[in-house]
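# Understanding the architecture of this molecule
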Amino acid sequence: VATANSVGMYVAEYIYDSSNWNDIYVLDSKDNYSVKIYGACCSATFNNMQIDGEYGSGVTPLWIAQDGSTSTKTQGVNFVNLTVVKPGATKPLIKITDTTHTMALNFSNTYSETSNADTTAALYTISGARAVNFSGTNFHANVASSTATAITVDNSYNTMLTVNGLTMGPGSGTFTYPSTS
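Residues numbered from 1 in each chain as written. Predicted model: local features only at pLDDT ≥ 70, side-chain atom pairs only at ≥ 80, totals over all residues. Heavy atoms only, no water.

## Regarding the overall build of the chain
Helix and strand counts for the chain stand at zero helices and twelve strands. For the chain, the sequential pattern of α-helices and β-strands runs β-β-β-β-β-β-β-β-β-β-β-β. Out of the 181 residues belonging to the chain, those deemed buried represent 48%. (Helix = DSSP H or I, 4+ residues; strand = E, 2+ residues; numbered from the N terminus. Buried < 20%, exposed > 50% of the residue type's maximum accessible area, 1.4 Å probe, protein only.)

Rendered as structure tokens:
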């Protein structure tokens, strides 16, 4: 997938409450974001979604955004059996941004593989979200001696972060400090 708007797959505002998006596969190494989800709300669920950035230069595989509009809230969204792999060097696997502090996200059974070149970029970044819950999150290193942080939360808001069941294991590479606090 290669598009003119720098996003491979764009899930835009006003998807139905409680809608289910099933069995989606996105392979995109050309755009800044392989998938951007914006304005999904109210128990929308993405089941069995696979996103592969193919180590593309400048690629963040998944961006979940809320930009300040109260009519296009991204909140109460669920990701079940999500696979997000192979970001570009210096980019996260998942980027979450929220300027209104209304976003609430749930991730259950998430599998991720790191960049094959970058040893330091945070794997998941969170900025401004109200609440993010991770349950059953597995990271595999694709670069030797990675010191990458699993999840970072900036100080723009007092995000409630819950992590239950975090695994950082070797893939074709290793983590130097698998888990630190």
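## Remarks on the side chain of threonine 110
Relative to the assigned elements, threonine 110 resides in strand β8 (residues 104-113). On the basis of relative accessible area, threonine 110 is assigned to the buried category, the value being 1%. Beyond its immediate chain neighbours, meaning those up to four positions away, threonine 110 contacts Leu82, Tyr124, Gly136, Thr137 and Asn138. (Contact = heavy atoms within 4.5 Å.)

## So, the environment of leucine 62
Among the secondary structure elements, leucine 62 is positioned in strand β5 (residues 60-66). Separated by 34 residues in the primary sequence, leucine 62 and isoleucine 96 place their C-alpha atoms 8.4 Å from one another.

## Looking at the sheet that holds strand β10 (residues 131-141)
Across a sheet, strands are paired by hydrogen bonds formed along the backbone, either parallel or antiparallel in direction. If you walk across this open sheet you meet the six strands as β2-β4-β6-β8-β10-β12, and the pairing is parallel. Looking at the sheet topology across the chains shown, the edges are occupied by β2 (20-27) and β12 (160-170). In this sheet, adjacent strand axes meet at a mean angle of 10 degrees when their direction is disregarded. For β2 and strand β4 (residues 45-52), the ladder comprises seven bridges, and the chain directions are parallel. Note on β4: the bridge partner recorded for isoleucine 24 is methionine 49. (Pairing = 2+ DSSP bridges. Axes fitted to C-alpha atoms, helices over the stretch in contact; angles between N-to-C directions.)

## Quick word on the pairing of β10
Two strands pair when backbone bridges link them, and β8 and β10 are joined in this way by nine bridges, in the parallel orientation. Within β10, the residue paired with threonine 110 across the bridge is threonine 137. Both β10 and β12 contribute to a ladder of ten bridges, which runs parallel. By the bridge assignment, threonine 137 is partnered in β12 with leucine 166.

## Points about the environment of lysine 73
Summarising the element assignment, lysine 73 is placed in the loop between β5 and β6 (77-85). Taking the relative accessible area as the measure of exposure, lysine 73 reaches 33% and is therefore partly exposed. Ignoring any residue separated from it by four or fewer positions in sequence, one finds lysine 73 in contact with Gly39, Ala40, Cys41, Gln66 and Thr102.

## Some words on the nonpolar core
Membership of the largest hydrophobic core comes to 37 residues, with the highest contact counts inside it found for Leu62, Ile64, Phe79, Leu82, Ile94, Ile96 and Phe107. Core analysis: the next-biggest nonpolar cluster, separate from the first, contains five residues, Val7, Tyr33, Tyr38 and Trp63 among them. (Core = buried A, V, L, I, M, F, W, Y, C linked by side-chain atoms within 4.5 Å.)

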